[in-house]
Amino acid sequence: MPLTGPKRRTVVAMAAAGLVVVPIVALTVARAGTTRARRPSATVETFAPVADAYVSAEHASRSYGGAKVLRTDAQPGAVRSYLRFRVAGLAGPVRSATLHLFAESGSRNGVEVRGVADTGWDERTLHYASAPPLQAALASTGPIRARSWVTADVTALVKGNGDVGMALVGLGVTAVRYSSREAGSLAPQLVVQSGSER
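Residue numbers restart at each chain and count upward from 1, following the sequence in its written direction. Under the rules for a predicted model, residues below a pLDDT of 70 receive no local features and side-chain atom pairs below 80 are neither given nor counted, while totals for whole chains, interfaces and linings still include all residues. Excluded from the side-chain calculation are hydrogens and water; included are all heavy atoms of the structure.

Quick question: what am I supposed to make of the side chain of Glu112 here?
A run of H or I in DSSP counts as a helix once it spans at least four residues, and a run of E counts as a strand once it spans at least two, with each numbered from the N terminus. Topologically, Glu112 is positioned in strand S8 (residues 111-115). Classification of Glu112 by relative accessible area gives buried; the value is 14%. Any pair of N or O atoms that falls within 3.5 Å is considered a polar contact. Within protein, one atom must be able to donate a hydrogen and the other to accept it, and sequence-neighbouring residues count only if both atoms are side-chain atoms. Here the side chain of Glu112 touches Arg114 through a polar contact of 2.8 Å, side chain to side chain. We call two residues in contact when some of their heavy atoms are within 4.5 Å. With residues up to four places along the chain from it excluded, the contact list for Glu112 reads Ala137, Ala139, Ser140, Ala167, Leu168, Val169 and Leu171. Only protein chains enter the area calculation, which uses a 1.4 Å probe; residues under 20% of their type maximum are buried, those over 50% are exposed, and those in between are partly exposed.

Below you can see the structure in the form of structure tokens.
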């Protein structure tokens, strides 16, 4: 007998411990002309920083742009890190953006990510006295384990193609080191998923 509308069948299996309902196949048959569900069309792009550096309040005129580490600390003077990514080639609207950092040391408090509107700084000349101001905090990592990757959701910062600036600010008084872009395969990454439904 031909189907006259969407129908589903569920196979019920008996287990030794009792009656267990196991959905084996859920099949929907639709008449010709029925609207199909939209399938997501998304791409994932991974970007390395085009610039990164840390700055130190104790050495306010010194630049650390060539260091293989990024740092955050609160005592005895503030230390924070700046990163800039150049996002390009996105397939459509940004769905998500995640910052990946390799932590060389750990912290129970984690690190906070803040936006940096000014993306014109140069890592070779960036120092604490000239560092651009920070925007409000938008993400944090939670506790950090040494020698591991940590992530933070920075979707709110990535609007589309173009430069994206951000800063790392330590939470608590523990000094933490992260691999910088000079560290090769352990360099920070910005993973962006983009695209729209079709």
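Please explain the packing of aromatic side chains as it appears in this structure.
For any two aromatic rings, the description comes down to two numbers: the centre-to-centre distance and the angle of the planes. Planes of paired rings set the category: under 30 degrees apart is stacked, over 60 is edge-to-face and the rest tilted, where pairs are Phe, Tyr or Trp rings (Trp by its six-membered ring) whose centres lie within 6.5 Å. Considering all chains together, one arrives at three aromatic pairs under this definition. Centroid distance Tyr54 to Tyr64: 4.3 Å. Interplanar angle 15°. Geometry classified as stacked. Here Tyr64 lies in the loop between strand S4 (49-56) and strand S5 (69-72) and Tyr54 lies in strand S4, a separation of ten residues in the sequence. For Tyr54, a relative accessible area of 8% puts it in the buried group. With a centroid separation of 6.0 Å and 70° between ring planes, the pair formed by Tyr82 and Trp121 is classed as edge-to-face.

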